[in-house]
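Observations on chain architecture
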Number of protein chains: 4
Amino acid sequence: AALHTMIQLLSMFNFMKVELGDRMTLRSKEEWRAAGAEFIGTLLFVYLGCGSVVATGMLSIEMTSARLIAIAMAHGLAISFLTGATGAISGGHLNPAVTLAFVVAGKETLMRAGLYVAAQLLGGTFGALLLKWSTPGTMVGSLGAHDLANGIYGAQGLLLEMVLTFVLVFVIFGVAVDRRGPGVIAPIPIGFAVLVDHLVGVPYTGASMNPARTFGPALVSGNWGRAPLVYWIGPCLGAVLASGVYR
Amino acid sequence: AALHTMIQLLSMFNFMKVELGDRMTLRSKEEWRAAGAEFIGTLLFVYLGCGSVVATGMLSIEMTSARLIAIAMAHGLAISFLTGATGAISGGHLNPAVTLAFVVAGKETLMRAGLYVAAQLLGGTFGALLLKWSTPGTMVGSLGAHDLANGIYGAQGLLLEMVLTFVLVFVIFGVAVDRRGPGVIAPIPIGFAVLVDHLVGVPYTGASMNPARTFGPALVSGNWGRAPLVYWIGPCLGAVLASGVYR
Amino acid sequence: AALHTMIQLLSMFNFMKVELGDRMTLRSKEEWRAAGAEFIGTLLFVYLGCGSVVATGMLSIEMTSARLIAIAMAHGLAISFLTGATGAISGGHLNPAVTLAFVVAGKETLMRAGLYVAAQLLGGTFGALLLKWSTPGTMVGSLGAHDLANGIYGAQGLLLEMVLTFVLVFVIFGVAVDRRGPGVIAPIPIGFAVLVDHLVGVPYTGASMNPARTFGPALVSGNWGRAPLVYWIGPCLGAVLASGVYR
Amino acid sequence: AALHTMIQLLSMFNFMKVELGDRMTLRSKEEWRAAGAEFIGTLLFVYLGCGSVVATGMLSIEMTSARLIAIAMAHGLAISFLTGATGAISGGHLNPAVTLAFVVAGKETLMRAGLYVAAQLLGGTFGALLLKWSTPGTMVGSLGAHDLANGIYGAQGLLLEMVLTFVLVFVIFGVAVDRRGPGVIAPIPIGFAVLVDHLVGVPYTGASMNPARTFGPALVSGNWGRAPLVYWIGPCLGAVLASGVYR
Ligand SMILES: [Ca+2]
Ligand SMILES: [Ca+2]
Ligand SMILES: [Ca+2]
Ligand SMILES: [Ca+2]
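All of the points below concern the structure found in this document.

Criteria and cut-off values
Residues numbered from 1 in each chain as written. Chains lettered and ligands numbered in written order. Predicted model: local features only at pLDDT ≥ 70, side-chain atom pairs only at ≥ 80, totals over all residues. Heavy atoms only, no water. Helix = DSSP H or I, 4+ residues; strand = E, 2+ residues; numbered from the N terminus. Contact = heavy atoms within 4.5 Å. Areas by Shrake-Rupley, 256 points an atom, 1.4 Å probe, with all protein chains shown as cover. Buried area = accessible area lost by both parts, 1.4 Å probe. Salt bridge = Lys/Arg side-chain N within 4 Å of Asp/Glu carboxyl O. Polar contact = N/O pair within 3.5 Å; in protein donor to acceptor, adjacent residues only side chain to side chain. Nonpolar A, V, L, I, M, F, W, Y, C, P; charged D, E, K, R; others polar. Axes fitted to C-alpha atoms, helices over the stretch in contact; angles between N-to-C directions. Parallel < 35°, antiparallel > 145°, perpendicular 65-115°, else oblique. Left-handed = near helix turned anticlockwise from the far one by under 90°. Buried < 20%, exposed > 50% of the residue type's maximum accessible area, 1.4 Å probe, protein only. Phe/Tyr/Trp six-rings, centres within 6.5 Å; stacked < 30°, edge-to-face > 60°. Least-squares fit on C-alpha atoms with pLDDT ≥ 70 in both.

Check the secondary structure of chain A and you find 9 helices and 0 strands. Of the contacts made within chain A by residues no fewer than 6 positions apart, 80% connect residues no fewer than 24 positions apart. With the model as given, the accessible surface of chain A reaches about 8300 Å², and the carbon-plus-sulfur share is 63%.

The structure is reproduced here in structure tokens:
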């Protein structure tokens, strides 16, 4: 269903630079290697990101500024080194919203994007599963699944997720896609963007910016939260907006 | 009024290397693209910086070392990746004091500087507005607006803001302007400078070094603090001093 | 005994790309210089990593999120700069599991690997000794030796150590070995991987990923923990798996 | 007196590669520009480093892991960006122990080293003075001056300062002096070394590794601690040892 929603969203942007791509794509060895990198990268991202939520939850149940920093560093720096490690193979998206931004900008075909998003959602699910197996049952909790904090309205959460994902995609386009940007160090500012986004967003929505990060632990733990669509619509809108603004 | 003060300050330095620039500047498409980058960059900086103050304020009302670190990382790393993402388009100033330093050094015309500063102040205001809309009314507080801490005199705050901005501009000139510096990684030391400045300055003045960061949330929240000029004069003096020392 | 186990493990992978290497290796001056770099690098890593556990233990006995961050930064950033400083001399492994990954990938001979692992274990031991001599007896504790946390099963610890070491070796191969990766900045993502691994793993197993880090303080303090083999088998399995996946 | 001790120490190493240099050095404009960079760089380092001690002291009087992290980040990241900003002008030593290491390695003449060390001590003093003027009298405390913690013997403090300075100089030689090292990003691992050294050393000795950092606030605040020589002998021994080992 989630994948289906994604495809619907993608087709809405058909009037943009979107290219369908060739069915042959799916027979190329290189494509599958790229999808494999997206699968492993997203798996490790979810294992480490959600793992930091579970691990710091063993130390103190309530959220504190120190716990917030640990969670933000885990997510942000993990994106930094996983993007660095998979960038040469797959581009290092590790995030359906990022893949969508590339499709809308005409830099990725719909075919390849579908393969990527499937790999990312599968990776997110296996990452959450592996984390569940690593953790004593009494400490698993909701595996770091996202939900709106008390007092935050759905529209506020959606606006925040949109702005934070805009930040992420704006930085990706500025430092990694734009040839005048500081190419070789790109994984560092991209990771810093995810880190800061978490410092701001965790007390509001948990700070997703990434439907695969939301999907995996929700599926494995059964905690879908009280506004699950916020985590698909917010990031996708932010990604498309940033992709549009950058041109 | 704030913009007017800025222009007065700028004209004071007419005897330096300041160039007026051409009215044609304002018709160039590239100039407006650069101003747009300054607008978006400053908007996101204020959203994230002030957002970290509001978000950690939801976790604990009083300032602690952990909260201080979260706020410092948010401001410092945001400057790092936003400078990286906008650097190739506008130079990535995102700060009227930095633009002033470039004017005084003869590296930016007054015309372009006026356009930049307007874009920065507008960006700071919209960033604060967007943050207000993302946040439940009971938690908005003063949106991270600056004020002198209890017991700090205006002169002390001004000296501190001057030194901290000197640090920032000294580093920008050393790593990004000076051709012998480590060009490609420049956004990293610049972000670290802002981060450390916050670790020192937040308990004194909130650590501005940037009139646009001060202006936006003050306007939107109505909290101008008990010494608003400190946040214009301190940063401008520090920026001009560093620009002079570096030559 | 530990060294013996290591050699047994190594021979199990004989069917891979493993090369024995030449006895002459051990007479080459360059080889000994490389082994010296591994010795000093691992010594300093254990001194600083365990030192951060002991030092923060002086401030608060229980583990908190803030203490976790300090320990994670110490281990992760130390790997970053020590890898950077020894990389040109020895490759900057500083970890028997990393050396094993290179052997399995056919990028290091068994002969040289034996020399490296001996240097690493010796370095880890001297690092722990130096730390003991620097510290008042009442504060030495277990010198940061590893043990499973209460409630964590051996199999969970082993799975976690395997995944976390997989992360480390996956990143090393992606950013430092792969020529398409961001070569010059490689020590930064590698350090970030160790940092994030600690944010997740410390509340489970102490987060080793490195048998030399486990071996030194265990030998010097006499604290071998309740599942010492977890810290050899988990990292070695993760390293071999990542080495296999990357090809 | 401190300067005199320094000169005596320097002459002890006359049998090494030490070169006296030419009196003409002191007439060269470039030399004075370099000394100026050392003065400003050390001034800002002491202002920011000691400033973080004073600022976090306003939030909580006792040392906690969070306060430790803030202090460590301030010192480490400040060295990173100040080294980056002054590196092209003076080499970015900002530390008499580092200058000593270069003298012993034959990479700096005694003449120039004397000029540098004088500039560093003067910079450290003015940095402490500026910080004092920025701070309300009731909060100045000892301005971040160093002292051995309760229960730490002088010999332990000296050993620790020696090892931590060894780390710093080992990294400087590995990443900045060695041509095979990752030159352009050198300021980052060097800053990380200072950061981690603080995470370990602050609860023992305050973590100096730098006689200029110790000298300035001691002179201005009058707090010389109970073992002031530890902060000269430890760093100098560590620096000379690392300089010797690296060759
Ligand atoms: Ca295309
Ligand atoms: Ca000009
Ligand atoms: Ca080979
Ligand atoms: Ca020489």
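Moving on: the interface of chain A and chain B. Interfaces are often described in size by the accessible area the parts lose on coming together. Contacts between the two partners involve 39 residues from chain A, matched on the other side by 39 residues from chain B. Considering only the surface of chain A that becomes buried against chain B, Phe-170, Phe-192 and Tyr-204 of chain A emerge as the three largest contributors, covering 17% of it. Applying the counting criterion to the chain A and chain B interface returns 0 salt bridges. The interface formed by chain A and chain B holds 2 residue pairs in polar contact (both at pLDDT 80 or more) in total. Secondary structure elements with two or more residues in the side of chain A that touches chain B: helix 3 (65–90), helix 6 (154–177), helix 7 (187–205) and helix 9 (230–246) of chain A. The residue makeup of the side of chain A that touches chain B, split by class, is 30 nonpolar, 6 polar and 3 charged.

Further remarks concern the packing of helix 6 (residues 154–177) of chain B against helix 2 (residues 29–59) of chain D. Two quantities define a packed helix pair, namely the angle between the helix axes and the distance between the axes. Look at helix 6 of chain B against helix 2 of chain D: their axes get within 11 Å of each other, and the N-to-C directions meet at 130 degrees. As judged from the angle between their axes, helix 6 of chain B and helix 2 of chain D are oblique. Taken as a pair, helix 6 of chain B and helix 2 of chain D cross one another with a handedness that is left-handed. On the side of helix 6 of chain B, the interface is formed by Leu-160, Val-163, Leu-164, Phe-166, Val-167 and Phe-170 of chain B, while helix 2 of chain D contributes Ile-40, Leu-44, Tyr-47 and Leu-48 of chain D. Tallied by class, residues from the contact of helix 6 of chain B with helix 2 of chain D come to 10 nonpolar, no polar and no charged.

This part takes up the pattern of salt bridges. All names here are of chain A. Summed over all chains, the structure comprises 8 salt bridges over all chains. With its nearest N and O atoms 2.9 Å apart, the salt bridge here joins Glu-31 to Arg-112. Of this pair, Glu-31 sits in helix 2 (residues 29–59) while Arg-112 sits in helix 5 (residues 110–134), and the two are 81 residues apart along the sequence. The same class applies to Glu-31 as to Arg-112, namely buried. Overlapping salt bridges bring together Glu-31, Glu-108 and Arg-112 as one network.

What follows is about the packing of aromatic side chains. Residues and elements named next belong to chain B. Taken as a whole and assessed by the stated rule, the structure comprises 16 aromatic pairs over all chains. Ring geometry for Phe-39 versus Phe-126: centroids 5.9 Å apart, planes at 70 degrees, classification edge-to-face. Taken together, the residues Phe-39 in helix 2 (residues 29–59) and Phe-126 in helix 5 (residues 110–134) connect sequence positions 87 residues apart. A residue is classified by how much of its surface remains accessible, and Phe-126, at 38% relative accessible area, is partly exposed.

To continue, consider the interface of chain C and chain A. Contact with chain C, which involves 39 residues of that partner, is made by 39 residues of chain A. In this assembly, chain C packs against chain A so that about 3200 Å² is buried in total across both faces, 79% of it on carbon and sulfur atoms. When the area that chain C buries against chain A is broken down by residue, the three leading residues are Phe-170, Phe-192 and Tyr-204 of chain C, summing to 17%. For the interface between chain C and chain A, the tally reads 0 salt bridges. The interface formed by chain C and chain A holds 2 residue pairs in polar contact (both at pLDDT 80 or more) in total.

Our next topic: the relation of the copies chain A and chain B. Mapping chain A onto chain B calls for a rotation angle of 90 degrees and an axial translation of 0.0 Å; the resulting RMSD is 0.0 Å. Viewed as a symmetry operation, the transformation between the two copies matches a four-fold axis. Using C-alpha coordinates, one finds that chain A approaches the rotation axis most closely at Ala-66 of chain A, a distance of 3.7 Å. With a heterologous cut-off of 20% or less, the 18% of interface residues of chain A that recur at the interface of chain B puts this contact in the heterologous class.

Moving on, we get to the relation of the copies chain C and chain A. Superposing chain C onto chain A requires a rotation of 90 degrees together with a translation of 0.0 Å along the rotation axis, leaving an RMSD of 0.0 Å. Looking at the interface residues of chain C, only 18% of them are also at the interface in chain A, so each copy uses its own face.

Residue and element names in this part refer to chain C. In this fold, Pro-217 is placed in helix 8 (residues 211–221). Judged by its relative accessible area of 0%, Pro-217 is buried. Taking the C-alpha atoms as reference points, Pro-217 and Leu-115, 102 residues apart in sequence, are found 21 Å from one another. Pro-217 has contacts with Val-46, Cys-50, Ala-128, Ser-142, Leu-143, Gly-144, Ala-145, Ala-212 and Gly-222, leaving out every residue within four places of it along the chain.

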